[in-house]
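# Observations on chain architecture
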Amino acid sequence: MNAAQILTENLTLVPQTYEEVCAMIEALSDADRKHVSADWLSRLHAEVPTDPWTYGYSMVHSDGGLKIGDAGFKGPPTPEGVVEIAYGVAPEFQGRGYATEAAKALTDFAFHSGLVRVVRAHTLPEPNASTRVLTKCGFHFVGDVVDPEDGPVWRWERHIAAATHP
């Protein structure tokens, strides 16, 4: 599936290229780079450019074209139709609803792909901005889990049947 731009009220989610993703990883500190999944890195190097499930999107503000964050998937949908979303907004742009817009757009994209039945997200195991974002997007708290890459987290899910009822 080739990636195309995704438009929201205030954002354009622009597909990232292989080169952009590699540059982003290279720019990480050594401490942050060690948290990048080895499985994801192997998928990164095996995929074709602009694969939305691996490369993700740059969050670009519609007013002025400034990149304000990143959003994407933690990998392609599983055979069972499950995909996980992730997003991050630069600190100076947080609290303005951009993460909510991006999470909704990724969820809609996933459900409209025909490959996804469940969109999943993980947050720190405490109430925070991401738990509010996911609640606004119609996700439901599933429970505590230990993610192999992130450790203890809260799992959130939204099922395709709920896609029309946020």
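For the structure itself, consult the block above.
The structure displayed is predicted, hence computed values, not measured ones. (Residues numbered from 1 in each chain as written. Predicted model: local features only at pLDDT ≥ 70, side-chain atom pairs only at ≥ 80, totals over all residues. Heavy atoms only, no water.)

## Topic: the overall build of the protein chain
What counts, and what does not: Only DSSP runs of H or I reaching four residues or more are called helices, and only runs of E reaching two or more are called strands; each is numbered from the N terminus. This radius of gyration counts C-alpha atoms alone. The globule rule is 2.2 Å times how many residues there are, raised to the power 0.38. A contact between two residues is defined here by any heavy atoms of the two lying within 4.5 Å. Throughout, the Shrake-Rupley method with a 1.4 Å probe supplies accessible areas, and for residues the shown protein chains are the sole cover considered. Asp and Glu are treated as the negative residues and Lys and Arg as the positive ones, with His and the ends of the chain left uncounted. We put the charge of a Lys on NZ, of an Arg on CZ, of an Asp on CG and of a Glu on CD.
Secondary structure summary: the protein chain contains six helices and eight strands in total. Along the protein chain, helices (α) and strands (β) appear in the sequence β-β-α-α-α-α-β-β-β-α-β-α-β-β when read from the amino end. On C-alpha atoms alone, the protein chain measures out to a radius of gyration of 15 Å, which is about the 15 Å that the 2.2 N^0.38 rule sets for 166 residues. Along the first, second and third principal axes, the C-alpha atoms of the protein chain reach 40 × 35 × 30 Å. Pairs at least 24 apart in sequence give 56% of the contacts found in the protein chain among residues at least 6 apart. For the protein chain, the accessible area works out to roughly 9000 Å², and carbon and sulfur atoms hold 56% of it. One finds the centroid of the 13 positive side-chain charges in the protein chain at a distance of 5 Å from the centroid of its 22 negative side-chain charges.

## Topic: the sheet that holds strand β1 (residues 6-7)
Here is the rule: For two strands to be treated as a pair, DSSP must find no fewer than two bridges joining them.
One open sheet accounts for eight strands, arranged β1-β2-β3-β4-β5-β6-β8-β7; its pairing is mixed. Sheet topology places β1 and β7 (140-147) at the edges, where each strand pairs with a single neighbour. Pairing geometry for strand β4 (residues 67-73) and strand β5 (residues 82-89), over five bridges, is antiparallel. Residue pairing in the sheet places Ala 71 in a bridge with Tyr 87 of β5.

Function cannot be read off these values alone, since they describe shape.
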